[in-house]
Amino acid sequence: MQSLLDQKAYNEIQQRIADLKPETTPLWGKMNAGQMLKHCQRPLDIAVYEKDFGLKSNILIRLLFKKSMYDDRPFMKNMPTPKGFKITETADFNLERENLLKRVDAFYNLRDKKDWKPHPVFGKLTPEQWGKMQYKHLNHHLNQFKV
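Residues numbered from 1 in each chain as written. Predicted model: local features only at pLDDT ≥ 70, side-chain atom pairs only at ≥ 80, totals over all residues. Heavy atoms only, no water.

Caption draft 1: A look at helix 2 (residues 33-49). An ideal rise of 1.5 Å per residue puts 24 Å on 17 residues; helix 2 measures up with 24 Å between its terminal C-alpha atoms. Where helix 2 bends most, the angle comes to about 35°, and this point is P43. Taken across its 17 residues, helix 2 has 15 buried, putting it largely inside the fold. E50, located one to two residues past helix 2, shows a positive phi value of around 55°. (Helix = DSSP H or I, 4+ residues; strand = E, 2+ residues; numbered from the N terminus. Expected span 1.5 Å × (residues − 1). Bend = angle between axes of the 7 residues up to and from the residue. Buried < 20%, exposed > 50% of the residue type's maximum accessible area, 1.4 Å probe, protein only.)

Right, dumping it as structure tokens:
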């Protein structure tokens, strides 16, 4: 699994976001491209700005899902979206792309950080786990929109 904290993966994600078009229709799901860009900011906001979006943890979620957030298996299509991550309102594509690119930059600029605040759902994560989780989520949605 690639990590968004590695330069090659960071450059790839930046280019794929730049290649996305507002009219691209998804292969699955209900979000349009602008909404997806806004949705993808939420996990980065947790990592960079330590937001929690009202997410809560429990032992079952940690046991069942934590490793799947950063392992090599792709996320399943049409998985339920946590309430704090659902984007149903209209989203300005260009603004949301700019905002996502800024957050990707901010996350990558933390590549030397050693002490990360625990994730609100998954608890303590290593920098490697944070980087893989962020890459995996972005890759999932960019694949959803064929970029």
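Continuing now.
Caption draft 2: Focus on unusual backbone geometry. One non-glycine residue, E50, lies in the positive phi region at around 55°. Mapped onto the elements of the fold, E50 is located in the loop between helix 2 and helix 3 (59-65). Take E50: its relative accessible area is 40%, and that puts it in the partly exposed class. You will see that K146, though not glycine, has its phi angle at about 65°, which is positive.

Caption draft 3: Highlighting the packing of helix 4 (residues 93-108) against helix 5 (residues 127-144). Two numbers describe how helix 4 lies on helix 5: the axes approach to 12 Å, and their chain directions differ by 160°. When the interaxial angle is binned, helix 4 and helix 5 end up roughly antiparallel. As for the relative orientation of helix 4 and helix 5, their crossing is left-handed in sense. Facing L100, V104 and F107 of helix 4, the residues of helix 5 in contact are W130, G131, Q134 and L138. Across the contact of helix 4 with helix 5, the residue classes tally to five nonpolar, two polar and no charged. (Axes fitted to C-alpha atoms, helices over the stretch in contact; angles between N-to-C directions. Parallel < 35°, antiparallel > 145°, perpendicular 65-115°, else oblique. Left-handed = near helix turned anticlockwise from the far one by under 90°. Contact = heavy atoms within 4.5 Å. Nonpolar A, V, L, I, M, F, W, Y, C, P; charged D, E, K, R; others polar.)

Caption draft 4: View of the environment of R111. Counting through the fold element by element, R111 comes out in the loop between helix 4 and helix 5. Assessed through its relative accessible area of 36%, R111 is described here as partly exposed. In this structure, the C-alpha to C-alpha distance between R111 and D6, residues 105 residues apart in sequence, is 7.7 Å. Looking at R111, its side chain comes within polar contact range of the main-chain oxygen of Y108, at 3.0 Å. (Polar contact = N/O pair within 3.5 Å; in protein donor to acceptor, adjacent residues only side chain to side chain.)

Caption draft 5: Highlighting the packing of aromatic side chains. For the structure shown, the criterion picks out four aromatic pairs. Their ring planes at 10° and their centres at 4.0 Å tell us that Y10 and Y108 sit as a pair that is stacked. With Y10 in helix 1 (residues 7-19) and Y108 in helix 4, this residue pair connects regions lying 98 residues apart in the sequence. Classification of Y108 as buried rests on a relative accessible area of 10%. For the ring pair F53 and F85, a centre distance of 5.9 Å and an interplane angle of 90° mean the geometry is edge-to-face. On the criterion of sequence distance, the pair formed by F53 in the loop between helix 2 and helix 3 and F85 in the loop between helix 3 and helix 4 is long-range, its members being 32 residues apart. Among the aromatic residues, ring-to-ring pairing joins F107, W116 and W130 into one connected group. (Phe/Tyr/Trp six-rings, centres within 6.5 Å; stacked < 30°, edge-to-face > 60°.)

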